[in-house]
Amino acid sequence: MRSTELCNKCINMLYFPHRLVEKAKMMIGRWSLKLPYRWRRYLLLVLHIFDPYLCIVFGWLHNLSKMIACMTYEGALSEPEDFPKTEEPVWLLGKEYSTQTDLAALRSDVQSRLWMTYRRNFAQIGDSNFTSDKGWGCMLRCGQMVLAEALIRRHLGRDWTWESSTSDETYLRILSLFEDHKCATFSLHIMSQLGVDEGKPIGEWYGPNTVAQVIRKLVIFDEWNNFSVNVALDNIVIMDEIKCSCQVEGERGWRPLLLFIPLRLGLSEMNPVYYSGIKKCFKMPQSLGLIGGKPNHASYFVGFVGDEVVYLDPHTTQEAGSVAKKATETEVETDKSYHCMYAQRMPFEHLDPSLALCFYCGTEKEYDDLCNRMRQELIDAEKTPLFELVPTRPDYMKDDSSLEGASGRCMELEDHHLESEDDEEFEVLQ
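1. Some remarks on the overall build of the protein chain
Right, on to step 1. Helix and strand counts for the protein chain stand at 14 helices and 13 strands.
Right, on to step 2. As displayed, the protein chain offers around 19700 Å² of accessible surface, 51% of which is attributable to carbon and sulfur atoms.

Printed below as a string of structure tokens:
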């Protein structure tokens, strides 16, 4: 749908009389050209916060919020600002693009990622009264996006692309794992309940490290994929322990690896010395991006262009629903709600220092290649490496029982009852 047609459709949602509709089109069209793209996002956030009250007092403003959402995520009223017109390459999850020649393919790649957002009107979570995760579930949604990307890599490959007509059984099966009900393996319901078992009440914000640990525990129940999820602790990646956890006992085989490396790269702000290392991570073919953000505002970062990171934002609230077999119009529309038309960008300096790097290795060869790349590009070539890479567990860690499970064996979640802003325990790198 062309942007002008989409604009007209959105404005007609306001139910104005015909003459006022035409006038509104002219006024909003002029106004939108002057309003910065980022301001539209802030306006959308305000409308989301006051949405329940606005719907009661001014019913038509509810439809206005839908229009602003369309402006923000689909670029309805002006040329989308997802990627700048630049000669610099765009790196997206290990793939390089040019905005001069590959813009359509780049946008298709973005749209093919599974986009997990806040949802409303799902069955309540456990004994709580929560029927929406609006305001607290953004980091859990980011964790879902990383896990979904790993599943797509495993079953469909990095070059797979989504279209509105896609009805592949494997894709639909992957998507069904993330639906918002207690029977879906990777649902918000199951992830929240695991958090409760570890002292995280439903409705409390998670940090990237905690989400990584929840996912590590969760995949045990997923027999279809048989992942080995490893969470590198204390900024140290122990190569032989990770490899051992992926090797199948009694036969020559490999369990696909999902690796999280939680880091804290500064106190309240990201230390600029780490920008180069993060960019190199996005270039690696094994990259699943990174998850990060401060309390109540987490995002899934999938790439970069110049000095800006590219990300998918979970902070829009959509209706919960099932895609099933995509046999009905409602199911088709629900499927579309899992795919964002346009990514967003922000400067590296706005990244929160609390984050987790994410990688996927489907084979042992890919894992060996990842370790070589880390050694050459992140350790040897950087004056201030993001983390340490060691072949075996250092002697000083062998007697530290609190580190057991760094390679995905048996570690309990750490106690996250801190006074700090991001509720995470890390060794701070400066």
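So, next bit.
2. Concerning the packing of aromatic side chains
Right, on to step 1. If you walk through the whole model with that rule in mind, you get 9 aromatic pairs.
Right, on to step 2. The interplanar angle of 40° and the centroid separation of 5.4 Å between the aromatic rings of tyrosine 275 and phenylalanine 348 together place this pair among those described as tilted. Here phenylalanine 348 lies in the loop between strand E11 (344-347) and strand E12 (354-361) and tyrosine 275 lies in helix H12 (residues 275-283), a separation of 73 residues in the sequence.
Right, on to step 3. Classification of tyrosine 275 as buried rests on a relative accessible area of 18%.
Right, on to step 4. Among the residues examined, phenylalanine 348 registers a relative accessible area of 2% and is labelled buried.
Right, on to step 5. Between the aromatic rings of phenylalanine 282 and phenylalanine 304, the centroid separation amounts to 6.2 Å while the plane-to-plane angle is 35°, which identifies the pairing as tilted.

3. Observations regarding unusual backbone geometry
Right, on to step 1. Positive phi, close to 50°, is recorded for alanine 324, a residue that is not glycine.
Right, on to step 2. On the secondary structure map, alanine 324 appears in the loop between strand E10 (317-319) and helix H13 (329-336).
Right, on to step 3. Assessed through its relative accessible area of 37%, alanine 324 is described here as partly exposed.

4. Observations concerning the pattern of salt bridges
Once the charged atoms of two side chains with opposite charge are near each other, the side chains can pair.
Right, on to step 1. Here the structure, examined in full by the defined rule, presents 19 salt bridges.
Right, on to step 2. Among the salt bridges present, the one from arginine 141 reaches aspartate 180, with a minimum N-O distance of 3.1 Å. You can see arginine 141 sitting in helix H7 (residues 138-155) and its partner aspartate 180 sitting in the loop between helix H8 (169-176) and helix H9 (188-197), a full 39 residues away along the chain.
Right, on to step 3. Residue arginine 141 is classed as buried on the basis of its relative accessible area of 2%.
Right, on to step 4. Between arginine 373 and aspartate 369 there is a salt bridge whose closest N-O contact spans 2.7 Å. Of this pair, arginine 373 and aspartate 369 both sit in helix H14 (residues 364-380), 4 residues apart, which is roughly one turn of that helix.
Right, on to step 5. Salt bridges sharing partners connect three or more residues here, namely Asp109, Arg113, Glu149, Arg153 and Arg158.

5. Details of the side chain of serine 132
Right, on to step 1. Relative to the assigned elements, serine 132 resides in the loop between strand E3 (118-120) and H7.
Right, on to step 2. In terms of polar contacts, serine 132 uses its side chain to reach the backbone carbonyl oxygen of arginine 119, at 2.8 Å.

6. Observations regarding the pairing of strand E6 (residues 257-264)
Right, on to step 1. Burial within E6 is extensive, with 8 of its 8 residues counted as buried.
Right, on to step 2. Neither face of E6 is left uncovered, since the one carrying Leu257, Leu259, Ile261 and Leu263 and the one carrying Leu258, Phe260, Pro262 and Arg264 both have all their residues buried.
Right, on to step 3. Relative to E6, strand E4 (residues 228-231) runs parallel, the two sharing 4 bridges. Within E6, the position partnered with valine 231 by the bridge is phenylalanine 260.
Right, on to step 4. The sheet contact formed by E6 and E12 spans 8 bridges and is antiparallel. Bridge pairing links isoleucine 261 to leucine 357 in E12.

7. Examining the confidence of the model for the protein chain
Right, on to step 1. Of all residues in the protein chain, 73% have pLDDT values of 70 or greater, and the mean over the chain is 82.
Right, on to step 2. Contacts for the low-pLDDT stretch residues 1-23, under 50 throughout, to residues beyond four places or in other chains number 28 contacts.
Right, on to step 3. Predicted confidence is poor over residues 70-77, with pLDDT under 50, and the contacts of this stretch with residues over four places away or in other chains come to 36 contacts.

8. Some details on H13
Right, on to step 1. Of the positions making up H13, those classed as buried are Glu331, Thr334 and Asp335. The arc that holds the buried residues of H13, viewed along the axis, is 100°, so those residues lie on one side. Along H13, the residues that are exposed and aim more than 90 degrees away from the buried face are Glu329 and Thr330.
Right, on to step 2. Looking at the buried side of H13, the elements it contacts are H8.

9. Describing the state of the cysteines
Right, on to step 1. Under the counting rule described, the total for this entry stands at 0 disulfides.
Right, on to step 2. Note on cysteine 371: no disulfide assigned, nearest cysteine sulfur contributed by cysteine 361 at a separation of 7.3 Å.
Right, on to step 3. Residue cysteine 371 is classed as buried on the basis of its relative accessible area of 4%.

10. Examining the nonpolar core
Right, on to step 1. Counting residues in each nonpolar core, the largest one holds 67 residues, and the members touching the most others are Leu114, Phe178, Ile215, Leu258, Phe260, Ile291 and Tyr300.
Right, on to step 2. If one sorts the elements of this core by residue count, H7 sits on top with 11 residues.
Right, on to step 3. Grouped together as the second largest cluster of nonpolar side chains are 39 residues, Cys246, Leu257, Leu290 and Leu355 included.

11. So, the pairing of E12
Right, on to step 1. Summarising burial for E12: 8 of the 8 residues are buried, a large majority.
Right, on to step 2. Covered by surrounding structure in E12 are Ser354, Ala356, Cys358 and Tyr360 together with Leu355, Leu357, Phe359 and Cys361, the residues of both alternating faces.
Right, on to step 3. Judged from the 4 bridges that link them, strand E7 (residues 287-294) and E12 form a sheet pairing that is antiparallel. Bridging from a neighbouring strand, serine 287 pairs with phenylalanine 359 of E12.

12. Quick notes on the environment of tyrosine 338
Right, on to step 1. Relative to the elements of secondary structure, tyrosine 338 occurs in the loop between H13 and E11.
Right, on to step 2. Accessibility expressed as a relative area gives 2% for tyrosine 338, which makes it buried.
Right, on to step 3. Separated by 163 residues in sequence, tyrosine 338 and leucine 175 place their C-alpha atoms 8.7 Å apart.
Right, on to step 4. Those residues within four positions of tyrosine 338 in sequence are excluded, and the remaining contacts are Arg113, Leu114, Trp115, Met116, Arg119, Leu175, Phe178, Glu179, Gly321 and Val323.

Each value, and the rule that gives it
Residues numbered from 1 in each chain as written. Predicted model: local features only at pLDDT ≥ 70, side-chain atom pairs only at ≥ 80, totals over all residues. Heavy atoms only, no water. Helix = DSSP H or I, 4+ residues; strand = E, 2+ residues; numbered from the N terminus. Areas by Shrake-Rupley, 256 points an atom, 1.4 Å probe, with all protein chains shown as cover. Phe/Tyr/Trp six-rings, centres within 6.5 Å; stacked < 30°, edge-to-face > 60°. Buried < 20%, exposed > 50% of the residue type's maximum accessible area, 1.4 Å probe, protein only. Salt bridge = Lys/Arg side-chain N within 4 Å of Asp/Glu carboxyl O. Polar contact = N/O pair within 3.5 Å; in protein donor to acceptor, adjacent residues only side chain to side chain. Pairing = 2+ DSSP bridges. pLDDT = per-residue confidence, 0-100. Contact = heavy atoms within 4.5 Å. Arc of directions from axis to C-beta. Disulfide = S-S within 2.5 Å. Core = buried A, V, L, I, M, F, W, Y, C linked by side-chain atoms within 4.5 Å.

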